[in-house]
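# A closer look at the structure
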Amino acid sequence: SNYNALQVTFQKRLSKGFSILGNFTWSKSIDDVQGSANKGNGVDVTNPFNHRLDRGPSDYNTPFVFNFSGLWALPGVYSNPVARFVLGGWNLSSIINIQSGFPFTITSGVDNARSGGSGQHSDIVGNPNLANQSENAMLNQYLNKAAFAANALGTFGDLGRNTYYGPGRANWDSGLHKSFAIRERLQAQFRFEIFNTLNHANFGIPAGAMSSANFLRITTAADPRILQLALRFSW
């Protein structure tokens with residue numbers, strides 16, 4: 001396997017109540033084992049006589065990744081102890097992640113190679129791209145099903161591994177925190193956190209096996225918006 005990347009990071013340390021950190025990665029990870037995202041043991045190959053048939057993007061390869069986090073200490077100086085206790089010490093935080101989708105392989109779902117193995121690739125027989133799809137249409141048929149056929153008898157399929165990529169992902173987590181000084185060594189923090197603040201649908205990859213009833217349908221998604229309250233003590 002090998003990995004190459006361009007990585008850019010920018011940072012502004014806490015000053016005037018602001019602190020930000022961001023990074024961008026443009027990368028490519030390549031290996032030759034199916035199931036590399038689950039640390040394949042080296043025997044998960046389609047053709048045992050030609051490991052290069054499976055050489056392609058790693059299962060976890062995401063060409064573009066952008067992350068941004070920020071913290072804003074809300075301004076305000078209060079001389080009154082009660083006002084300082086109620087209104088002081090508030091912070092807003094935010095984490096944004098935008099990235100490419102994960103790759104997937106179109107497999108025939110049959111043992112036409114007569115090797116006794118599974119995961120044989122499909123043959124490409126047409127144009128897999130579908131233009132100007134609505135979201136519902138994309139979920140029901142991510143690529144053109146008619147563009148793929150089961151591998152010819154005695155072959156392992158002519159389509160490469162992890163040739164196509166699923167939908168990209170975008171997520172924004174945010175939080176509102178307040179710190180309380182109870183005693184000199186006893187601190188408390190109230191936290192209100194929102195995961196997937198915009199309730200954006202981040203879909204999974206479609207089913208890639210031609211033998212599946214859900215072939216090229218997307219049936220999974222990441223978590224919807226989640227709200228969380230917490231109280232933390234430290235001493």
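Source: prediction; values computed, not measured.

The rules behind each value
Residues numbered from 1 in each chain as written. Predicted model: local features only at pLDDT ≥ 70, side-chain atom pairs only at ≥ 80, totals over all residues. Heavy atoms only, no water. Helix = DSSP H or I, 4+ residues; strand = E, 2+ residues; numbered from the N terminus. Rg over C-alpha atoms; globule rule 2.2 N^0.38 Å. Buried < 20%, exposed > 50% of the residue type's maximum accessible area, 1.4 Å probe, protein only. Lys, Arg positive; Asp, Glu negative; His and termini not counted. Charge placed at Lys NZ, Arg CZ, Asp CG, Glu CD. Polar contact = N/O pair within 3.5 Å; in protein donor to acceptor, adjacent residues only side chain to side chain. Contact = heavy atoms within 4.5 Å. Phe/Tyr/Trp six-rings, centres within 6.5 Å; stacked < 30°, edge-to-face > 60°. Salt bridge = Lys/Arg side-chain N within 4 Å of Asp/Glu carboxyl O.

## Re the overall build of the chain
- Assigned secondary structure in the chain consists of 2 helices and 12 strands.
- In terms of C-alpha radius of gyration, the chain reaches 25 Å, well past the compact-globule figure of 18 Å for 235 residues.
- Principal-axis analysis of the C-alpha atoms gives the chain an extent of 85 × 35 × 30 Å.
- Split into buried and exposed, the 235 residues of the chain put 33% on the buried side.
- Computed over 19 positive and 13 negative side-chain charges, the inter-centroid distance for the chain is 15 Å.

## Quick notes on the side chain of Ser-94
- Positionally, Ser-94 belongs in strand S5 (residues 90–99).
- For Ser-94, a relative accessible area of 16% translates into the label buried.
- A polar atom in the side chain of Ser-94 sits 2.5 Å from the side chain of Trp-172.
- Beyond its immediate sequence surroundings of up to four residues, Ser-94 is in contact with Phe-68, Ser-69, Gly-70, Trp-172, Asp-173 and Ser-174.

## Focus on the packing of aromatic side chains
- In total, this model carries 8 aromatic pairs according to the counting rule given.
- Between Trp-26 and Phe-64 the ring centres are 6.4 Å apart and the planes differ by 0°, which places this aromatic pair in the stacked class. Within this pair, whereas Trp-26 is found in strand S2 (residues 18–31), its partner Phe-64 is found in strand S4 (residues 64–73), the two being separated by 38 residues in sequence.
- On the accessibility criterion, Trp-26 (49% relative accessible area) is partly exposed.
- A residue is classified by how much of its surface remains accessible, and Phe-64, at 42% relative accessible area, is partly exposed.
- Each ring, one from Phe-148 and one from Tyr-164, has its centre 5.9 Å from the other, and the planes form 80°; the classification is edge-to-face. With a gap of 16 residues between them, Phe-148 in strand S8 (residues 148–149) and Tyr-164 in strand S9 (residues 164–165) connect regions that are remote in the sequence.
- A connected cluster of aromatic rings, assembled from ring pairs, spans Phe-104, Tyr-142, Phe-148, Tyr-164 and Phe-215.

## Points about the side chain of Asp-31
- Along the polypeptide, Asp-31 turns up in strand S2.
- In terms of polar contacts, Asp-31 uses its side chain to reach the side chain of Ser-58, at 2.7 Å.
- Polar contacts involving the side chain of Asp-31 include one to the side chain of Arg-161, which spans 2.9 Å.
- Setting aside anything within four residues of it in sequence, one finds Asp-31 in contact with Ser-1, Ser-36, Asp-54, Arg-55, Gly-56, Ser-58, Tyr-60 and Arg-161.

## What about the pattern of salt bridges?
- Inspection of the entire model under this criterion finds 3 salt bridges.
- Asp-59 is the partner of Arg-161 in a salt bridge, and the nearest nitrogen-oxygen pair spans 3.1 Å. Separated by 102 residues along the polypeptide, Arg-161 in the loop between S8 and S9 and Asp-59 in the loop between strand S3 (56–57) and S4 bring together distant segments of the chain. We note that Arg-161, like Asp-59, is buried.
- The partner of Glu-193 in a salt bridge is Arg-191, and the shortest N-O contact between them spans 2.8 Å.

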